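Observations on the model geometry
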Amino acid sequence: MTKKPLPTVLEYVSAAHAAPKRGRVAEATPAKRPRRRPAAARPQMLVRMEEVMLFEMDANSAPDPFTTEEIDRIARVFGLSTGEVTALYRFAR
Amino acid sequence: MTAFLALNNRGGLKSFGGSTLPAVNDWCLTHSGRDLLQVARTLASRFSAVNIAARAVGSRDSGGSGQLLVREQIFQAGVPIGTIAFRLDPAQQRAHLSWTVLTPAARGTGAFKPMLQNLLLAMRDCRIARITLVAGLTHGGYVWATYGFLPQTPAEWTRISGVLRAKLVPVTAQLTPEQAALTTQLLGSADPLALRAIAAIAVPVTAPTGPTPIPLGRYLLLGSEWKGQLELSDGPSMLIYLRRIGLMP
């Protein structure tokens, strides 16, 4: 256990060659600006992958979500005539 | 306790730990014939680094099915670009894609494609036959339909078709009688493939909540929620998926 020093003990010993602090003019220092964290450490806003997939689908691909072959296959499975396929999938835009 | 593995493709293995690391490693060796580090390398392919948290549950010794739960954080050039969570269940030959999120850094880069490609390769090693997920929230119901996923069961399709039928009512007036009849006919089909037939409908309609016309298929499926699956043995569905994730032109 340490003992609190008595008032008789010199707490601060100043060097003989040090200039006196008394009379020093206080300098106004600007507040320290917080350092910007690197991008990897910054919290990121997350988005669902499906949102990005839809965005890129719109940006990159043809307007039709399926190929002609797949539409033909769907038409065969559901017995759609050419006219019906045109009405739903291939009408003039 | 979960097993952790951080893999940096430039500097090699960075760190690993967790009391279940041996169990996860055993799981990988048993079900994919490769150790955890090799599985991690597959998942990290074409990315700079991954952080993997994995846990083997229901071990075969305890009579369970022996699933592996994985959460994988992916980095590109030191920046996190996304996290993907999935479950591998070789006993059922099933993988479940739980959720995937991307950071803005991944937007417009197509980074989700190699993520899904790597995942497919890891699944193939575990002899997975189908991928399941819950297509939902705002975009999932439409997006996963255009990626080749179909409702898991006819009953699930029957449920979702009822929801879509109700959604069709406010826009029926914008369709020709033939288009309305055909759409209703497809919604009344018992075949889950009808979901794809609906998603493909290109007739533009203006939704009650939106000012711009969008294709009817997209209008109906956006905001819907359904339990979907992709059968890897289903050629046409797989072709759609492989094209979408960039493995086929």
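Scoring rules and cut-offs
Throughout, a residue's number is its position along its own chain's written sequence, starting from 1. The order in which chains are written sets their letters, starting at A; the order in which ligands are written sets their numbers, starting at 1. Per-residue local features are limited, in this predicted model, to residues with pLDDT of at least 70; the limit for side-chain atom pairs, both in listing and counting, is 80 or more; totals at the level of whole chains, interfaces and linings are taken over all residues. Hydrogens and water molecules were not included; the side-chain quantities draw on all heavy atoms of the structure. Helix and strand assignments come from DSSP, with helices taken as H or I runs of at least 4 residues and strands as E runs of at least 2, each series counted from the N terminus. Throughout, a contact is declared for two residues whenever any of their heavy atoms are within 4.5 Å. The predictor attaches a confidence to each residue, called pLDDT, with possible values from 0 through 100. Whenever Lys or Arg places a side-chain nitrogen within 4 Å of a carboxyl oxygen from Asp or Glu, that contact is recorded as a salt bridge. Three labels apply to residues, based on accessible area from a 1.4 Å probe with only protein chains included: buried if under 20% of the type maximum, exposed if over 50%, partly exposed otherwise in between.

Another point: the side chain of Thr100(B). Inspection of the secondary structure puts Thr100(B) in strand β6 (residues 94-102). The residues touching Thr100(B), leaving out its near neighbours within four places in the chain, are Val47(A), Arg48(A), Met49(A), Glu50(A), Thr83(B), Ile84(B) and Met115(B).

For the rest of this paragraph, the subject is the confidence of the model for chain B. Confidence in the prediction of chain B, expressed as mean pLDDT, is 92, and 97% of residues score 70 or more. Within chain B, no element has a lower average pLDDT than strand β2 (residues 12-17) of chain B, which sits at 82, and none a higher one than strand β8 (residues 150-151) of chain B, at 98.

Right, let's get into the pattern of salt bridges. All chains considered together, the criterion is met by eight salt bridges over all chains. One salt bridge in this structure joins Arg73(A) and Glu70(A), with 3.3 Å as the shortest N-O distance. Here Arg73(A) pairs with Glu70(A), and both are found in helix α2 (residues 68-78), just three residues apart, close to one helical turn. Judged by its relative accessible area of 5%, Glu70(A) is buried. Where Asp125(B) meets Arg124(B), a salt bridge forms, and the shortest distance between an N and an O atom there is 3.4 Å. Residue class for Asp125(B) comes out buried when judged on its relative accessible area of 16%.

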